[in-house]
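# Notes for the structure review
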Amino acid sequence: MSVVLPGCLSAPLALVNECPWLSTFLLLVGALTFTRFAIKTVLVFAQTFILPGKNLKQFAAKKGSWAVITGASDGIGREFALQLARKGFNILLVARNNVMLTAVAEEIASKCSPSVETKIQLIDFSKKDEAAYEGLKSTMAELDIGILINCVGKSHTMPTYFVEIPTQDIEDIVAININATMRVTSLVLPGMIQRKRGLILNLGSFAGSIPSPMLAPYSATKSFVSTFSSALQEEVKSHNIIVHHLNTYFVVSKMSNIRRASLFVPLPADYVRAALSKISLSCGAAHTNRPGTLTPYWSHAVLDYLIHVVGIKSLFIGYTHGLHKSIRKRALRKLERESKKQ
Ligand SMILES: NC(=O)c1ccc[n+]([C@@H]2O[C@H](COP(=O)([O-])OP(=O)(O)OC[C@H]3O[C@@H](n4cnc5c(N)ncnc54)[C@H](OP(=O)(O)O)[C@@H]3O)[C@@H](O)[C@H]2O)c1
């Protein structure tokens, strides 16, 4: 039986038949591409499900070392504080709400070793207040800081088109997500360089790699976190300091407005446990060349992998836009119902 090839294929195939070196070359390229893909896929799954990350003892846990956590009063930051305290780090809790920070400090005192110390530093990062940064600097001056978690973050109360976002919200998002991350890092880094050890985790979001319509400022600031972390990681690795951009999909919290955990939305406790167990790996980010990025939670890692295998960014941007339109509709309907009740 003879197969009739379309005209567009017959010419290239004739060329391949006539030049054996061309078919060998094409075969080699195909084999290399497949091998590269297979190795990266194995890396993603091995790092996510099997390989352990660096032991946190190397950052001097139980030896008087401190972990500084911004946004420590609630959600993911609060959970980092509790889990790092359990691992033997002293904890400097940073946020605005004294009552909530005190509750976290009390929980640490009741659940962790009595040798674990806590301190509280009140600061409103949206204010870009130099005196407040000086206060934070002097609190940290005496501390041997092994870990910094830049967790503080602000998003939009609901998806909103950029033209309708109040200027103050845009300024707050930049001050909190960008300025605070850089300023606190610059306060902590000299000590880490001097001691030749340190871990810096910067909370990022999938919105940083998939531009998110109707959350444009938030999405762009999280893209900053990714780029900043990669550049800094390269600068400080010779000082034995690890910098990670923690690439995060949804987590149950006040910010995400999701109250129940599900397959793709872990509780903060599960998310933080995954992050702390995968230091120095990439997990879901191992498939693409994103130095410093770690997608630690297993279902987020699989999603990250699939998004990059599909690779059509515009598809995901369009999907996110549709999703945000419907989230906004629902949020507005909820507001309307609540205003009618009053
Ligand atoms: N939850 C998610 O689905 C998700 C997904 C991707 C990335 N992330 C990122 O993860 C990080 C933590 O988010 P989360 O969900 O845990 O949020 P959250 O539960 O709302 O907690 C935010 C924390 O930041 C503090 N904070 C907010 N504004 C502040 C300000 N102006 N100055 C000082 N502290 C301030 C809050 O404390 P006070 O109110 O006491 O100040 C609180 O401790 C953020 O960077 C976020 O972008 C979260």
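Residues numbered from 1 in each chain as written. Predicted model: local features only at pLDDT ≥ 70, side-chain atom pairs only at ≥ 80, totals over all residues. Heavy atoms only, no water.

## Some remarks on the site of the ligand
- Inspection of the region around the ligand gives 30 residues, with Ser73, Ile76, Arg96, Tyr218 and Ser253 positioned closest.
- Within the side chain of Arg96, a nitrogen or oxygen atom sits 2.7 Å from an oxygen atom of the ligand.
- Against a free-state accessible area of 890 Å², the protein chains account for coverage of 93% of the ligand.
- Of all the secondary-structure elements, those providing two or more residues to the shell around the ligand are helix H3 (75-86) and helix H8 (216-236). (Near = heavy atom within 4 Å. Polar contact = N/O pair within 3.5 Å; in protein donor to acceptor, adjacent residues only side chain to side chain. Areas by Shrake-Rupley, 256 points an atom, 1.4 Å probe, with all protein chains shown as cover. Helix = DSSP H or I, 4+ residues; strand = E, 2+ residues; numbered from the N terminus.)

## Quick look at the UniProt feature "binding site: substrate" (unreviewed entry) in the chain
- The residues that UniProt annotates with the feature "binding site: substrate" (unreviewed entry) are Ser205.
- Within the secondary structure, Ser205 is located in the loop between strand E5 (198-203) and helix H7 (206-209).
- Note on Ser205: relative accessible area 9%, which makes it buried.
- With near-sequence residues (within four places) excluded, Ser205 lies in contact with Tyr218, Lys222, His245, Leu246, Asn247 and Thr248. (UniProt positions renumbered as here; feature names shortened; annotations may be inferred. Buried < 20%, exposed > 50% of the residue type's maximum accessible area, 1.4 Å probe, protein only. Contact = heavy atoms within 4.5 Å.)

## A look at the UniProt feature "active site" (unreviewed entry) in the chain
- UniProt's entry tags Tyr218 with the feature "active site" (unreviewed entry), counted in the numbering of this structure.
- Note that Tyr218 resides in helix H8.
- Overall, Tyr218 belongs to the buried group, its relative accessible area being 10%.
- Apart from the residues within four sequence positions on either side, Tyr218 is in contact with Lys154, Ser155, His156, Ile173, Asn177, Ser205, Ala207 and Met255.

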